Amino acid sequence: MTTTTTTTTMRMEVALLFFLAFAQLPGSLEAFSVTGGVSQPRPQLSQQAAAAAASCPLWRRCRECSSRQHRFEVPMSSSSSTNAATSESDGSRKDSSMAMPSSTMNGITPNGATPKQEKEFKDKQKQQLEATNFRAQAGPLSFKAKYGVLNPYGIWYGFVAIFLGIPWFAALTLYQCFTILTRGKFDKQRFVPNLFNQIWGTILMRLTRSYPKVEGLDILKEFYEKGKPCMFVANHNSWMDIPIVGSTIGWRNYKFVAKKELAKVPILSTAIRVAGHLMVDRSDKRSGLKTLKAGIQYLKDGVHLITFPEGTRSRDGRLLEFKNGAFKMAHKAGAPIIPFTIAGAQVAHPLWAIFPIRASHNVCNITVHEPIESVGKSEEELAEAVRQQMIDGLPADQKPLA
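Residues numbered from 1 in each chain as written. Predicted model: local features only at pLDDT ≥ 70, side-chain atom pairs only at ≥ 80, totals over all residues. Heavy atoms only, no water.

A. A look at the overall build of the chain. When its secondary structure is counted, the chain shows 15 helices and eleven strands. Here the chain holds 402 residues, and the buried ones make up 42% of them. Nonlocal contacts in the chain, meaning residues at least 24 apart in sequence, comprise 69% of its contacts between residues at least 6 apart. Summing over all exposed atoms, the chain offers an accessible surface of approximately 22900 Å²; the carbon and sulfur share of this is 59%. (Helix = DSSP H or I, 4+ residues; strand = E, 2+ residues; numbered from the N terminus. Buried < 20%, exposed > 50% of the residue type's maximum accessible area, 1.4 Å probe, protein only. Contact = heavy atoms within 4.5 Å. Areas by Shrake-Rupley, 256 points an atom, 1.4 Å probe, with all protein chains shown as cover.)

Below, the structure written as structure tokens:
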């Protein structure tokens, strides 16, 4: 009887000890996460960090699945960081305990996310930060929609673009049927669909007052008189760069060198495909080689090429580093390069807006620079000469910092 009573008492004491231990742990059972079959304490969030985590869908998701591999570091504002530093100096729980293991396994970065997830997360954070004060730029009547910010001008621009896109798409479809029936024996350089694209862009820019101020048009006229093809290159800050460059070149047969992601955009993907513009997948060497050969052939056949050597839009308007091989087509074909510098496009159409938020008429300007011959230069020398000319033509707030 005594033994039974002693055993029961010991069990009660052990249970009480466990209860007290859990009572001392912040968050009780929720403070534990399982990693590799070993229970480890989950770091306790400060009040500011908890508030930031509550607004983060990625953090809520990882709390639901309780997986360490899916956890992100909680985004904290500068005030939160200051408070966290103060709490550290007071000897309270340190926010450094929130850092994830430094090892990278199975494609998981040190902060617990895959590289793709981390990039998407940071991009979303930056876009949200840029859009917080959007009314100061887009006007008091602007508002946030599902895919970005809209204002009255943006609604008008979108309506005109979509309305004109209906006959544009119909014309491209009819031409595509004609090409199939004739087996591509006519219009081998696809000038007719490029003409449809130019008509759509011209009417759109007229109705929305999007034509920029152009400097150096006499350089283009003089070059066109020679009857030679060239590669046009421009800095890339906005979707408006495409119609701005197209309107500057004028009624010529030209082809854009575009990334494959544009094939997902409705109507635009049809225009790219039917008009014979070049699509490149930078992750696929075979695709790159195929595009290179097609571009060289276009230049030899007298068709102009257009490319944005940065490879993507600049988020702050400043000129980015050029991608390797951006001028390889012109260099191999011995064609000259005519640089363009576009200023103010990111003001007319910021990254966080669905459509332009203001007319480009008094905001944007494009400068045409003197042609740069590729003959007698290495590819690196050609890229450096083009880059320097573009830097010289950009305003101070768009020049690269380095």
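Here the narrative resumes.
B. Structural context of the environment of T367. Mapped onto the elements, T367 comes out in strand β11 (residues 365–368). Along the sequence, T367 and A234 sit 133 residues apart, while their C-alpha atoms lie 9.7 Å from each other.

C. Here's a closer look at the nonpolar core. F232, V245, I249, I338 and F340 are the most contacted members of the largest nonpolar core, which totals 31 residues. With five residues, the single largest contributor to this core is helix α7 (residues 152–182). Once you skip the residues sitting within four places of it in the chain, F232 turns out to touch L220, Y224, I249, H304, L305, I306, T307, I338 and F340. One finds M231, V233, F327 and M390 within the second-largest nonpolar core, a separate group that totals 26 residues. (Core = buried A, V, L, I, M, F, W, Y, C linked by side-chain atoms within 4.5 Å.)

D. Examining the sheet that holds strand β8 (residues 278–280) more closely. As summarised here, the arrangement of the seven strands in space is β5-β11-β10-β6-β9-β7-β8, forming an open sheet in which the pairing is mixed. Looking at strand neighbours, the two that pair on one side only are β5 (213–215) and β8, the edges of this open sheet. With strand direction ignored, the average angle separating the axes of adjacent strands in the sheet is 20°. Taken together, the four bridges between strand β10 (residues 337–343) and β11 define a ladder with antiparallel strand orientation. When the bridges of β11 are listed, A343 appears paired with N365. Relative to the sheet, helix α15 (residues 379–393) contacts β6 (231–234) and β10, its axis offset from that of β10 by approximately 30°. (Pairing = 2+ DSSP bridges. Axes fitted to C-alpha atoms, helices over the stretch in contact; angles between N-to-C directions.)

E. Main features of the packing of aromatic side chains. Counting across every chain of the model gives twelve aromatic pairs. Pairing F232 with F340 gives two aromatic rings, centres 5.3 Å apart and planes at 25°, and the pair type is stacked. With F232 in strand β6 and F340 in strand β10, this residue pair connects regions lying 108 residues apart in the sequence. What makes F232 buried here is its relative accessible area of 0%. Note on Y254 and F256: the rings are 5.9 Å apart at their centroids and 85° apart in plane angle, and the pair reads as edge-to-face. In this pair, the class of Y254 matches that of F256, namely buried. Across the ring face of Y224, the terminal group of R252 is positioned such that the distance to the ring centre comes to 3.9 Å. (Phe/Tyr/Trp six-rings, centres within 6.5 Å; stacked < 30°, edge-to-face > 60°. Lys NZ or Arg CZ within 6 Å of the ring centre and 35° of its normal.)

F. Highlighting the packing of α7 against helix α8 (residues 191–207). Across the interface, α7 lies against α8 with an axial gap of 10 Å and an inter-helix angle of 165°. It follows that α7 is roughly antiparallel to α8 by the angle criterion. Considering only the axes of α7 and α8, their crossing is right-handed. For the pair α7 and α8, contact is made by W156, Y157, V160, A161, L164, G165, W168, A171, L172 and Y175 and by V192, P193, F196, N197, W200, I203, L204 and L207, respectively. Considering only residue class, the contact of α7 with α8 consists of 16 nonpolar, two polar and no charged. (Parallel < 35°, antiparallel > 145°, perpendicular 65-115°, else oblique. Left-handed = near helix turned anticlockwise from the far one by under 90°. Nonpolar A, V, L, I, M, F, W, Y, C, P; charged D, E, K, R; others polar.)

Scope: geometric values only; no functional claims are made or implied.
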